[in-house]
Amino acid sequence: MSLYLGVMSGTSLDGLDIALIEQDTHTRLIATRFQGMPAALRQELLALCSTGADELARAAIAEQRWATLAAETINQLLADQQLSPQAVRAIGSHGQTVRHEPQLGFTIQIGNPALLAELTGISVVSDFRRRDVAAGGQGAPLVPAFHESVFGNKERIRAVLNIGGFSNLSLLHPGSPTNGFDCGPGNVLMDAWIQRHRNQAFDRNGDWAASGSIDEELLVRLLSEGFFTTQGPKSTGRELFNLSWLDKHLTERGHLSPENVQATLLELTAKSVADSLMTAQAETQDLLVCGGGAHNIALMRRLQELLPNCDVRGTDSAGVPPDWVEAMAFAWLAHCCLERIPANRPAVTGARGYRILGAIYPA
């Protein structure tokens, strides 16, 4: 039995999720801690997702700040658990994605793992995505193998849906290889829209979206994006789905009330997920939902309406809190790296074969 820490910082940029797991033949969640992202760091990380001046120096400074924040949070979690750094075998650090362009052969996650190892006294495994990209894959999503390990069921046809900034599906069919892909925007557009119009970080429970009405013409325009019509392997990010992309479609559509746009964005997320699942695994019996979107009551309700023959529920019903699945996944990926267990799934990413993922920075 070994202890691992997982650090996840997603496209929502709301903060760092830290999960402590115990790993042997099973994965058990021991403790968690969340650290909000300082506003200035959030703005800089968001800016680094687009081309700008002096990017190399700015990225180097930003990842030092990111690593320092992660180290402080990890050290506090260990203090709370009365654990020494030596008790933890490794940290699995996802880092912060600032560019994801697998069609150009690269993906970039910053996070200064060397500094994180120095500040915590714990070995760090990071840079999980680039080996898969080097092998011709998308480098994402990487969590299906973990979903397979934790949520797979020999008697149930399941899918696991992560709704963070973007949404991705893992398809768990007994007797078949695990599959999966990105579906499209999760919370990213809804969050950006409510921040613009109401200065709120997110639409709590989906209440604002529920107050509006879906604009069918806008929805058709949004769903006409080529990404939605392609089959997996596929992944996406802010490079495609962002406010500029939305504004272009809004200009073509004409004036709409902000709440109707929000309602349409929620429908975009729900419909892109439902359509993807019905195309790839129509016989799904259970859809287990994790990520921040699992708390969006209006979104969960709409998913159930669009998938009447599927039981839509949070991963907490399967024993894993929705907010901590991805942080646990990167702790598990660190375990796989150190044990030399291939952790990508070629059917998911399109890589030429199974690969051991991650770079190791010893304590």
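Predicted model only: the values in this text are computed from it and were never measured. (Residues numbered from 1 in each chain as written. Predicted model: local features only at pLDDT ≥ 70, side-chain atom pairs only at ≥ 80, totals over all residues. Heavy atoms only, no water.)

**Quick word on the UniProt feature "binding site: ATP" (unreviewed entry) in the protein chain**
Part 1 of the reasoning: Mapped onto the present numbering, the UniProt feature "binding site: ATP" (unreviewed entry) falls at Gly 10, Thr 11, Ser 12, Leu 13, Asp 14, Gly 15, Leu 16 and Asp 17.
Part 2 of the reasoning: Looking at the element boundaries, Gly 10 is found in the loop between strand 1 (2–9) and strand 2 (15–23).
Part 3 of the reasoning: As for its position among the elements, Leu 16 is in strand 2. (UniProt positions renumbered as here; feature names shortened; annotations may be inferred. Helix = DSSP H or I, 4+ residues; strand = E, 2+ residues; numbered from the N terminus.)

**Focus on the sheet that holds strand 8 (residues 166–172)**
Part 1 of the reasoning: Pairing within the open sheet is mixed, and its five strands lie in the order 9-8-7-10-11. Each edge of the open sheet carries a strand with a single partner, namely strand 9 (179–185) and strand 11 (311–314). On average, each strand axis in the sheet is tilted by 20° relative to the strand beside it, whichever way the strands run.
Part 2 of the reasoning: Bridging between strand 8 and strand 9 involves six bridges; their strand directions are antiparallel. When the sheet's bridge partners are listed, Leu 169 is paired in strand 9 with Phe 181.
Part 3 of the reasoning: With respect to the sheet, helix 11 (residues 297–306) is in contact with strand 7 (158–163), strand 10 (286–290) and strand 11, its orientation differing from that of strand 11 by roughly 160°. (Pairing = 2+ DSSP bridges. Axes fitted to C-alpha atoms, helices over the stretch in contact; angles between N-to-C directions. Contact = heavy atoms within 4.5 Å.)

**Quick look at the pairing of strand 8**
Within a regular strand, the side chains alternate between the two sheet faces.
Part 1 of the reasoning: Counted residue by residue, strand 8 has seven buried out of seven residues, so it is predominantly covered.
Part 2 of the reasoning: Neither face of strand 8 is left uncovered, since the one carrying Phe 166, Asn 168, Ser 170 and Leu 172 and the one carrying Ser 167, Leu 169 and Leu 171 both have all their residues buried.
Part 3 of the reasoning: With six bridges joining them, strand 7 and strand 8 adopt antiparallel strand pairing. Of the residues in strand 8, the one forming a bridge with Ile 163 is Ser 167. (Buried < 20%, exposed > 50% of the residue type's maximum accessible area, 1.4 Å probe, protein only.)

**What about a nonpolar patch on the surface?**
Part 1 of the reasoning: Side chains of Leu 104, Phe 106 and Ile 108 sit close together on the surface and give an oily, nonpolar patch of about 260 Å² of accessible area.
Part 2 of the reasoning: Its place among the elements puts Ile 108 in strand 5 (residues 106–110). (Patch = residues over 30% accessible without salt bridge, like charges linked within 9 Å, V, L, I, M, F, W, Y side chains within 5 Å. Areas by Shrake-Rupley, 256 points an atom, 1.4 Å probe, with all protein chains shown as cover. Salt bridge = Lys/Arg side-chain N within 4 Å of Asp/Glu carboxyl O.)

**Overview of the pattern of salt bridges**
Pairs can form between side chains of opposite charge once their charged atoms are near each other.
Part 1 of the reasoning: Within this structure, the stated rule accounts for 21 salt bridges.
Part 2 of the reasoning: Arg 28 is the partner of Asp 24 in a salt bridge, and the nearest nitrogen-oxygen pair spans 2.7 Å.
Part 3 of the reasoning: The exposure class assigned to Asp 24 is partly exposed, which follows from its relative accessible area of 34%.
Part 4 of the reasoning: Here Arg 28 falls in the partly exposed class, since its relative accessible area comes to 31%.
Part 5 of the reasoning: With a shortest N-O distance of 2.7 Å, Asp 286 and Arg 156 are connected by a salt bridge. Here Asp 286, found in strand 10, pairs with Arg 156, found in the loop between helix 5 (144–151) and strand 7; they are 130 residues apart in sequence, far enough to count as distant.
Part 6 of the reasoning: For Asp 286, a relative accessible area of 2% puts it in the buried group.
Part 7 of the reasoning: Each of Asp 215, Glu 217, Arg 221, Lys 248, Glu 252 and Arg 253 takes part in salt bridges that share partners, so that together they form one network.

**Brief notes about the nonpolar core**
Part 1 of the reasoning: Counting residues in each nonpolar core, the largest one holds 44 residues, and the members touching the most others are Leu 169 and Leu 287.
Part 2 of the reasoning: With residues up to four places along the chain from it excluded, the contact list for Leu 169 reads Ala 159, Val 160, Leu 161, Asn 179, Gly 180, Phe 181, Cys 183, Val 273, Ser 276, Leu 277 and Leu 287. (Core = buried A, V, L, I, M, F, W, Y, C linked by side-chain atoms within 4.5 Å.)

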